[in-house]
Amino acid sequence: MILKNQHDVTVDALAVMERTTDPRLRAIMVSLIRHLHAFVRDVRLTEAEFRAATAIVNEIGKQTSDTHNEAVLMAGSLGVSSLVCLLNNGEDGNTETSQSLLGPFWRLNSPKVENGGSIVRSDTPGDPLQVTGHVVDRAGKPIAGAEVDVWHASPVGFYENQDPGQADMNLRGKFTTDAEGRFWFRTVKMVGYPIPTDGVVGRLLAAQQRHPYRPAHLHTLIVKPGYKVLISQVYDPTDPHIDTDVQFGVTKALVGDFVRHDGRYSLDHTYVMEPGDAVLPKPPIK
Ligand SMILES: [Fe+2]
């Protein structure tokens with residue numbers, strides 16, 4: 001089409017998208033053009049802003065490496081990662097879900113640990129924490145023989161792979177649930193940590209006067225054939241950033257019951273698995 005005005009470009013681009021053969025790709029591209037063009041009109045994007053925007057997209061790509069993913073960090077910081085998670089779980093976003101974000105620090109092949117064992121593998125400061133997990137299906141029936149990967153940052157705020165002071169696989173372990181669907185282990189109480197702020201995401205946070213912290217959390221990834229792999233995080237409600245997570249990951253179902261005893265803590269949490277395929281995600285790091 002030879003365009004007469006700004007309205008024509010949307011009509012023409014939509015007509016081109018409508019010719020996409022694959023039906024799902026067609027639906028996505030048609031909707032994308034509708035929303036993208038409406039967005040440009042809504043904010044009356046200037047030419048300078050448009051050039052800055054394309055430069056930012058390019059920069060996100062350049063800042064991404066084998067050990068860092070700026071695009072995932074940006075998606076999280078805009079609430080998109082959390083939206084995709086909540087929309088695709090909990091019966092298509094209609095009920096609570098134990099599912100949460102995978103984050104960038106899950107590693108494959110963490111060492112097996114017997115129930116009751118410790119995942120502290122090198123001198124790590126912090127208050128002792130006893131964790132007990134209950135893995136159940138949607139009817140509340142215990143799931144025995146599920147493999148449970150757990151990992152968390154040290155009380156200094158680093159995962160072991162970020163910190164030469166920690167032993168390999170410190171604060172990581174793999175458990176198997178018993179006949180009652182339980183797993184339990186000893187560790188130290190985790191603290192919150194800042195996401196990396198030396199890239200595009202850091203500039204956005206600074207421009208919005210946002211802090212870069214995620215509240216203290218325990219990651220789990222639970223596998224049992226016949227169920228969708230459960231990727232979860234449990235958060236500490238006493239963390240000062242519990243209701244301002246920079247990645248928008250905290251939901252009511254994920255607020256943990258951390259109980260303080262004399263100089264130590266306990267956490268008891270129930271993980272609900274949903275039916276589906278036990279397909280592992282690709283590990284973000286080695
Ligand atoms: Fe994390």
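Remember, predicted model here, so these are calculated numbers, not experimental data. Throughout, a residue's number is its position along its own chain's written sequence, starting from 1. Given that the model is predicted, a residue must reach a pLDDT of at least 70 before its local features are reported, and side-chain atom pairs must reach 80 or more before they are shown or counted; all residues, however, enter totals for whole chains, interfaces and linings. The basis for every side-chain value is the complete set of heavy atoms in the structure, and neither hydrogens nor water enter the calculation.

Caption draft 1: Seen up close, the sheet that holds strand E8 (residues 230–235). Read from one edge to the other, the open sheet built from four strands follows the order E3-E2-E7-E8, with strand pairing classed as antiparallel. A strand with exactly one partner marks an edge of an open sheet, and here the two such strands are strand E3 (172–176) and E8. Taken pair by pair, the neighbouring strands of this sheet meet at an average axis angle of 20 degrees, ignoring direction. Pairs of strands are assigned from DSSP output, requiring at least two bridges between the strands. Each helix is a run of H or I in the DSSP string that is no shorter than four residues. Each strand is a run of E no shorter than two, and both are numbered from the N terminus. Both strand E7 (residues 217–223) and E8 contribute to a ladder of six bridges, which runs antiparallel. Within E8, the residue paired with leucine 221 across the bridge is isoleucine 231. With axes taken as lines fitted to C-alpha atoms, and helix axes fitted only over the stretch in contact, angles between N-to-C directions fall between 0 and 180 degrees.

Caption draft 2: Representation of the layout of surface pockets. Buriedness of a pocket was judged along seven lines, with at least five required to meet protein on both sides within 12 Å; pockets are open sets of points on a 1 Å grid over the protein atoms alone, cavities are sets where a 1.4 Å probe fits but cannot get out, and lining residues have an atom within 4 Å of a point. Grid points are joined across faces, edges and corners, and a volume is the space filled by probe spheres set on the points. By volume, the largest pocket amounts to about 1,100 Å³. Among the elements of the structure, helix H4 (70–77), helix H5 (80–88), strand E5 (193–194) and E8 are those that each provide at least two residues to the lining of the largest pocket. Looking at the lining of the largest pocket residue by residue, the classes come out as 22 nonpolar, 16 polar and four charged. If you tally residues by element for the lining of the second largest pocket, the top one is helix H3 (residues 47–62), at six residues. The classification used treats Ala, Val, Leu, Ile, Met, Phe, Trp, Tyr, Cys and Pro as nonpolar, Asp, Glu, Lys and Arg as charged, and all other residues, Gly among them, as polar.

Caption draft 3: Quick look at the coordination of the iron ion. Only nitrogen, oxygen and sulfur atoms qualify as donors, provided they sit within 2.8 Å of the metal or within 3.2 Å for Na, K and Ca; with water excluded from the atoms, sites may seem incomplete. Donor atoms from the polypeptide that coordinate the iron ion comprise Tyr159 (OH), Tyr193 (OH), His217 (NE2) and His219 (NE2), at 1.9 to 2.1 Å from the metal. A 1.4 Å probe rolled over the protein chains alone gives each residue an accessible area, and that area as a share of the maximum for its type sets the label: buried under 20%, exposed over 50%, partly exposed in between. Since its relative accessible area comes to 2%, histidine 217 is described here as buried.

Caption draft 4: Region of the structure containing the pairing of strand E10 (residues 265–272). Both strand E1 (residues 128–136) and E10 contribute to a ladder of eight bridges, which runs parallel. Bridging across to E10, histidine 134 finds its partner in threonine 270. Summarising the sheet, strand E9 (residues 257–260) and E10 pair through four bridges and their orientation is antiparallel. If you follow arginine 260 over to E10, its bridge partner there is tyrosine 265. What sits between the antiparallel neighbours E9 and E10 is a turn of four residues, in which glycine 263 has the positive phi angle 70 degrees.

Caption draft 5: Expanded view of a nonpolar patch on the surface. Together, Leu32, Leu36, Phe39, Val40 and Val43 give the surface a local cluster of nonpolar side chains, amounting to about 400 Å² of exposed area. When you line up the elements, leucine 36 lands in helix H2 (residues 23–43). Residues form patches when they are more than 30% accessible in relative terms and have no salt bridge. Like charges link within 9 Å. Nonpolar side chains (Val, Leu, Ile, Met, Phe, Trp, Tyr) link within 5 Å. The Shrake-Rupley method, run with a 1.4 Å probe sphere, supplies the accessible areas, and residue values consider only the shown protein chains as cover. Salt bridges are counted wherever a side-chain nitrogen of Lys or Arg sits within 4 Å of a carboxyl oxygen of Asp or Glu.

Caption draft 6: The arrangement of the nonpolar core in detail. We call a set of buried residues a nonpolar core when its members are Ala, Val, Leu, Ile, Met, Phe, Trp, Tyr or Cys and they connect through side-chain atoms within 4.5 Å of each other. Core analysis: the largest hydrophobic core is formed by 24 residues, its most contacted members being Val150, Phe175, Phe183, Phe185, Leu218 and Ile222. If we ignore the near neighbours within four places in the chain, the residues touching phenylalanine 175 are Val113, Glu114, Asn115, Ile119, Ala146, Glu147, Val148, Val150, Phe183, Trp184 and Phe185. Throughout, a residue-residue contact means that at least one pair of heavy atoms, one from each residue, lies within 4.5 Å.

Caption draft 7: Up close: unusual backbone geometry. Unusually for a residue other than glycine, arginine 44 sits at a positive phi of about 45 degrees. Here arginine 44 is to be found in the loop between H2 and H3. A relative accessible area of 71% places arginine 44 in the exposed class.

Caption draft 8: Structural detail: the side chain of asparagine 89. With respect to the helices and strands, asparagine 89 occurs in the loop between H5 and helix H6 (90–93). Polar contact is the term for a pair of N or O atoms within 3.5 Å; when the atoms are in protein, one must be able to donate a hydrogen and the other to accept it, and sequence-neighboring residues count only if both atoms are side-chain atoms. Looking at asparagine 89, its side chain comes within polar contact range of the side chain of lysine 228, at 2.8 Å. Ignoring anything within four residues of it in the chain, the contact list for asparagine 89 reads Thr97, Gln99, Lys228 and Glu274.

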